[in-house]
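Coordinate inspection notes
Chain by chain, the residues:
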Amino acid sequence: MKRILHILSAKEFTEEFRESFLADVEEMEKLRGDPSKRKGLLGFLKDVIIVLFFYEESTRTRISFEIAAHNLGARVISAVNAGIFSSVKKGETFYDTIRTLIGYIPRFIILRHKVKGSAAQAARIVDESGRNVSIINAGDGTGEHPTQALLDWWTIYKEKGRVEDLVVAVGGDLLHGRTTHSLVYLLSKYKGVSFIFIAPDNLQMKKDLCDYLDVKGVEYEKTSDKRKIKEADVVYWTRTQKERMNTNKIYTWVRDLIYRLFCYVDTRYVITAEDADSMKEDAIIMHPFPRVGEITRAVDKNKRARYFQQSENGVLVRMVILCNLYGVKIRK
Amino acid sequence: MKRILHILSAKEFTEEFRESFLADVEEMEKLRGDPSKRKGLLGFLKDVIIVLFFYEESTRTRISFEIAAHNLGARVISAVNAGIFSSVKKGETFYDTIRTLIGYIPRFIILRHKVKGSAAQAARIVDESGRNVSIINAGDGTGEHPTQALLDWWTIYKEKGRVEDLVVAVGGDLLHGRTTHSLVYLLSKYKGVSFIFIAPDNLQMKKDLCDYLDVKGVEYEKTSDKRKIKEADVVYWTRTQKERMNTNKIYTWVRDLIYRLFCYVDTRYVITAEDADSMKEDAIIMHPFPRVGEITRAVDKNKRARYFQQSENGVLVRMVILCNLYGVKIRK
Amino acid sequence: MKRILHILSAKEFTEEFRESFLADVEEMEKLRGDPSKRKGLLGFLKDVIIVLFFYEESTRTRISFEIAAHNLGARVISAVNAGIFSSVKKGETFYDTIRTLIGYIPRFIILRHKVKGSAAQAARIVDESGRNVSIINAGDGTGEHPTQALLDWWTIYKEKGRVEDLVVAVGGDLLHGRTTHSLVYLLSKYKGVSFIFIAPDNLQMKKDLCDYLDVKGVEYEKTSDKRKIKEADVVYWTRTQKERMNTNKIYTWVRDLIYRLFCYVDTRYVITAEDADSMKEDAIIMHPFPRVGEITRAVDKNKRARYFQQSENGVLVRMVILCNLYGVKIRK
């Protein structure tokens, strides 16, 4: 398999990559779960320097990457408020900031930025510089968040035993949510997968992705009725991505105020314990987190709930990604 | 001795725990002070992952914990502005945040939060999850700060050679100060200890702690006269905990403005060099820091001043706590 | 050579120090560039604890120091928003904060503060405490930034093969820029070096440094004409250090607003591709970064541009500084 240099987009996860990845994660899970072998993982990225460079904050992506890195023996430098960095505040360009950072030659730069395409731009600066540095896209605005897509995909595989022949209900703000976009893109590569997109009309799945599915001949249905989840094998629920919407600022401010004051969640799109019970016996419920009420706490006890396992899988999946990019063989 | 899983409250420091702790700190101090043995400490928590998760900032608690962890060879992930974390800002619950963090399986979560009882809640989430994670309470609002209590207690033991038969003067805002509460609680377990509570009437020692002392038959005296420090063996002085008082916001804002503009400290409760000289020859002066003027700089040179040693002890005491929770034997 | 305890000012870089430093950097560059020897560097500061204590933020100084430290196997604690630290906000003095930090006995404190002289004050607190802690000044307001001076100086040496007999054009806000002050001071020690100071009249080189050059008999010329760069062997260009100017607050605020709205850069002091082409064939262009437009992106492709190499040199130079202070011999 061609050696991967950067992780920028879920579009790069070819069938060959995914096959190899499945075997790697399986092996990594064994190594991590075996106390006699866990210590050995510390040699995989021993003393490799990883910089987390986050222009936007993120608890879970950041900490799961850091724990993944430390589990493999790496050294981590965490710059997680880059938006207020001295040089950025002084007016430095993204190019200069990243070019300088690359010049210090960390082995990895894990980048989160609010502008779509910034990870790809960083990768071009690396390639131009000739340095041996890998860029990992940890979210670029309305663009992608490929490691999230990978852990979502792997969670489905692990929990359902397959990715083929599944009815996947995807709910929430489908117009802006990058996690849902990457996941739908990835799952559409498997035969027999069909989608139910559940969202209010003004937040339905974005047109270019629907067009893509049309071209590929993948079946999907748009609806605003959450009761459709009962037809699904996998329910992937998300919150309304308020912070991604580029609407009028005053409007946003007023809406956020109302949300805060009344803890307002659109009740038409809340999954309750009753909703969960209406689902197929062997269906699973996922959520990329954070949730702000769109799945009630009562659902946590439902056997179909898998969102905490999903979040836990983040560490394992990111360990494999780091090893893949560094060129460490996980399987003998 | 029963293995401890979490450190949540000074109430858990039983006599058995404290006896064992004294011997541990003594041994740890020897190991750390001996250049030939210091390197060996790096094996005690080698590659153990510790997450500092602080919703409120704290220079000294944070850095002393981090240095303690590094002295023992651990790996540290520092998330010290959790109050402005992405997921928290988005409206995630404390439960979800902590449950997710536990799922990444760090070995330790050192938690600071502004809400009383949050460390105990985190410990319950751990126990429910079945993960091998230890919670350390690094301050939960008006609740407790047990590692501070332990280092205060140990400083008294080290400097006075005993904890029994001491007159302890405790000054400052005794109504809200969690460090004074935990310390008084801990010291009251020793025979012959009596207290002098020095504070303005509206900030005197809180009622439930006085009731507790009454029941236990521990002697104490309330006064607003700082000159009473001359009767004490130990003077434990604190600043007025402005930020803990739940008073009217506008009032607080105006008062803080006045404090800032005029560097106002209530002079009735400032210990000066003259006050220090009035104390017993072998008395000691302690302060949990930061101070903002309630002990003058001139006192630093007084032989009774021990507050810098006290603060230094934080590293040693926290090294022992980490070893105790991890199950490393410090003494052969 | 006398062992150095702290790095506070470029004034301490004696001829003996610089000679030794050149040989050290040369050797360090070899070790780092040789894959078979690079791993060996991890033993140089193995498990040494380094605290970065930054009251002002700084992307590049911070990350280059952290990568330097990790390359040498050190352990890094990063407190880079000290200005908003809990204890500082509560009103703690600089003395108490630093005295406490020293008490935890990290081996290094790398300090950035907005007040001139604060690193020197920290060093005095160390000396008074008797602890084995080294202070490194990473910028003290309008004072100095000695490690920047060292990397600038070394970049000139490396790129030109000498520091003697050079015409050095220094441009930008010469009244307030601490990097230009330290560099001019350092270069003026070499024979045959002369300066061209290029700045608007109200931001020309500060008087005490000109007086110093007069006394030393070093030649210099003041001008507001950027075309003078064509006479130089080294062009050291800087941005207008807006944030250092102690002018009226409202004025500053209005000016900054104008800068932000119109991306205003004083075009009389912008180096364009055409300007760069007008320079001597073997001249070099340097910049301490960040730039905000005073060197255009088109100049990056000019063979004279060395500012990215200069910034990269930061890691190497800081590795040598850490080794020097710790007492590790780089050369056999």
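Just so we're clear, the structure is a prediction, and the values are computed from it rather than from any experiment. (Residues numbered from 1 in each chain as written. Chains lettered and ligands numbered in written order. Predicted model: local features only at pLDDT ≥ 70, side-chain atom pairs only at ≥ 80, totals over all residues. Heavy atoms only, no water.)

It is worth spelling out the sheet that holds strand S6 (residues 194–198) of chain A at this point. Backbone hydrogen bonds hold the strands of a sheet together, and the pairing may be parallel or antiparallel. Residue and element names in this part refer to chain A. In spatial order, the strands read S7-S6-S5-S8-S9; together these 5 strands make up an open sheet with parallel pairing. Only two strands of the sheet have a single neighbouring strand rather than two, namely strand S7 (220–223) and strand S9 (284–286). On average, adjacent strands in this sheet sit at an angle of 15° to one another, irrespective of strand direction. Sheet topology places strand S5 (residues 167–171) next to strand S8 (residues 234–237); 4 bridges connect them, and they run parallel. Among the inter-strand pairings, Gly 171 is bridged to a residue of S8, identified as Trp 237. (Pairing = 2+ DSSP bridges. Helix = DSSP H or I, 4+ residues; strand = E, 2+ residues; numbered from the N terminus. Axes fitted to C-alpha atoms, helices over the stretch in contact; angles between N-to-C directions.)

Now for the interface of chain A and chain C. Counting residues at the interface gives 29 residues for chain A and 29 residues for chain C. Around 2600 Å² of area is buried between chain A and chain C when both sides are counted, 52% of it from carbon and sulfur atoms. The interface formed by chain A and chain C holds 4 salt bridges in total. Across the pair Arg99(A) and Glu312(C) runs a salt bridge whose closest N-O atoms are separated by 3.6 Å. Where chain A meets chain C, there are 10 residue pairs in polar contact (both at pLDDT 80 or more). Looking at the side of chain A that touches chain C, the elements that each hand over two or more residues are strand S1 (49–54), strand S2 (75–79), helix H4 (86–89) and helix H5 (94–103) of chain A. Among the elements that make up the side of chain A that touches chain C, the one with the highest residue count is H5(A) (6 residues). Residues of the side of chain A that touches chain C, tallied by class, amount to 13 nonpolar, 7 polar and 9 charged. (Contact = heavy atoms within 4.5 Å. Buried area = accessible area lost by both parts, 1.4 Å probe. Salt bridge = Lys/Arg side-chain N within 4 Å of Asp/Glu carboxyl O. Polar contact = N/O pair within 3.5 Å; in protein donor to acceptor, adjacent residues only side chain to side chain. Nonpolar A, V, L, I, M, F, W, Y, C, P; charged D, E, K, R; others polar.)

Time to look at the nonpolar core. Leu45(B), Ile50(B), Trp153(B), Phe195(B) and Phe53(C) are the most contacted members of the largest nonpolar core, which has 111 residues in total. With 11 residues, helix H12 (residues 307–326) of chain B is the single largest residue contributor to this core. In contact with Trp153(B), not counting residues within four places along its chain, are Arg18(B), Phe21(B), Leu22(B), Val163(B), Leu183(B), Leu186(B), Leu187(B) and Tyr190(B). If you look at the next biggest cluster of nonpolar residues, it comprises 110 residues, including Leu31(A), Ile67(A), Val80(A) and Val170(A). (Core = buried A, V, L, I, M, F, W, Y, C linked by side-chain atoms within 4.5 Å. Buried < 20%, exposed > 50% of the residue type's maximum accessible area, 1.4 Å probe, protein only.)

Attention now goes to the relation of the copies chain A and chain C. Relative to chain C, chain A is turned by 120° and slid 0.1 Å along the rotation axis, the superposed coordinates differing by an RMSD of 0.0 Å. In short, the pair behaves as if placed about a three-fold rotation axis. (Least-squares fit on C-alpha atoms with pLDDT ≥ 70 in both.)

Right, let's talk about the sheet that holds strand S9 (residues 284–286) of chain C for a bit. Residues and elements named next belong to chain C. Pairing is parallel across the open sheet formed by 5 strands, whose spatial order is S7-S6-S5-S8-S9. In this open sheet, the two strands that pair with only one neighbour each are strand S7 (220–223) and S9. Averaged over all pairs of adjacent strands, the angle between strand axes in this sheet comes to 15°, irrespective of strand direction. In the sheet, strand S6 (residues 194–198) pairs with S7 via 4 bridges, with the strands oriented parallel. Directly across from Ile 196, in S7, lies its bridge partner Glu 221.

Accessible area lost when the parts come together is the quantity often used to give the size of an interface. Each side of the interface is counted separately: chain A has 29 residues, and chain B has 29 residues. Across the interface of chain A and chain B, roughly 2600 Å² is buried in total on both sides, 52% from carbon and sulfur atoms. Seen at the junction of chain A and chain B, the total is 4 salt bridges. The shortest N-O distance in the salt bridge between Asp96(B) and Arg291(A) comes to 2.5 Å. At the boundary of chain A with chain B, the tally comes to 10 residue pairs in polar contact (both at pLDDT 80 or more). In terms of residue count, helix H3 (residues 59–71) of chain A provides more of the side of chain A that touches chain B than any other element does, 9 residues in total. Across the side of chain A that touches chain B, the residue classes tally to 9 nonpolar, 7 polar and 13 charged.

Let us now look at the environment of Leu322(B). Residues and elements named next belong to chain B. Positionally, Leu 322 belongs in helix H12. Counting along the chain gives 254 residues from Leu 322 to Ala 68, while the straight-line C-alpha distance between them is 8.3 Å. Here Leu 322 is in contact with Leu 45, Ile 50, Ala 68, Ala 69, Leu 72, Phe 108 and Ile 136, once residues within four sequence places are set aside.

This part covers the domain arrangement of chain A. Residues and elements named next belong to chain A. The domain architecture assigned to chain A consists of domain 1 (10–144 + 313–326) and domain 2 (146–301). With 27 residues of domain 1 in contact, the opposing surface of domain 2 contributes 21 residues. Counting the contacts that link domain 1 with domain 2 gives 1 salt bridge. Residue Lys 158 pairs with Glu 29 through a salt bridge whose shortest N-O separation is 2.9 Å. (Domains from an automatic or database assignment.)

A few words on the pairing of strand S1 (residues 49–54) of chain C. Residues and elements named next belong to chain C. Among the 6 residues that make up S1, 6 are buried, leaving the element largely enclosed by the rest of the structure. Once the chain exits S1 it traverses helix H3 (residues 59–71) before rejoining the sheet at strand S2 (residues 75–79), and the crossover so formed is right-handed. Of the pairings in the sheet, the one linking S1 to strand S3 (residues 108–113) comprises 5 bridges and is parallel in character. Opposite Phe 54, over in S3, you have Arg 112 as the bridge partner. (Right-handed = clockwise from strand over helix to strand, strands pointing away.)

Looking at chain A as a whole, the pLDDT averages 91, with 89% of positions reaching at least 70. Scoring the predicted complex yields pTM 0.93 and, for the interface, ipTM 0.92. (pLDDT = per-residue confidence, 0-100.)

Another point: the pattern of salt bridges. Going through the model one piece at a time under the given rule, you end up with 72 salt bridges over all chains. We note a salt bridge from Arg331(A) to Asp24(A), for which the minimum N-O separation is 2.7 Å. Of the two residues, Arg331(A) sits in the segment after helix H12 (307–326) while Asp24(A) sits in helix H1 (residues 15–33), which places them 307 residues apart along the sequence. Here Arg331(A) falls in the partly exposed class, since its relative accessible area comes to 35%. Where Glu312(B) meets Arg131(C), a salt bridge forms, and the shortest distance between an N and an O atom there is 2.2 Å. Highlighted residues: Glu312(B) in helix H12 and Arg131(C) in the loop between helix H6 (118–129) and strand S4 (134–140), drawn from two different chains. Looking at Glu312(B), the relative accessible area reads 12%, which means it is buried.

Another aspect to go through is the packing of H3(C) against helix H12 (residues 307–326) of chain C. Residue and element names in this part refer to chain C. In contact at an axis separation of 8 Å, H3 and H12 are set at 55° when each is read in the N-to-C sense. Comparing the axis directions of H3 and H12 gives the class oblique. Seen along the crossing, H3 lies across H12 with a hand that is right-handed. Listed contacts from H12 to Thr 61, Ser 64, Phe 65, Ile 67, Ala 68, Ala 69 and Asn 71 of H3 are Gly 314, Val 315, Arg 318, Met 319 and Leu 322. When its residues are assigned to classes, the contact of H3 with H12 shows 7 nonpolar, 4 polar and 1 charged. (Parallel < 35°, antiparallel > 145°, perpendicular 65-115°, else oblique. Left-handed = near helix turned anticlockwise from the far one by under 90°.)

Attention shifts here to unusual backbone geometry. For the bond from Phe289(B) to Pro290(B), the omega torsion is -5°, close enough to zero to count as cis. Secondary-structure assignment places Pro290(B) in the loop between strand S9 (284–286) and H12. Of note in the backbone geometry, Ile105(A) takes a positive phi value of approximately 55° without being a glycine.

Moving on to the packing of aromatic side chains. Enumeration over the complete set of coordinates arrives at 36 aromatic pairs over all chains. Look at Phe13(B) and Phe17(B): their rings are 4.9 Å apart centre to centre, the planes differ by 15°, and that puts the pair in the stacked class. Among the aromatic side chains, those forming a connected cluster through ring pairs are Phe13(A), Phe17(A), Phe21(A) and Trp153(A). The positively charged end of Arg318(A) is found above the aromatic ring belonging to Phe65(A), 4.9 Å away from the centroid. (Phe/Tyr/Trp six-rings, centres within 6.5 Å; stacked < 30°, edge-to-face > 60°. Lys NZ or Arg CZ within 6 Å of the ring centre and 35° of its normal.)

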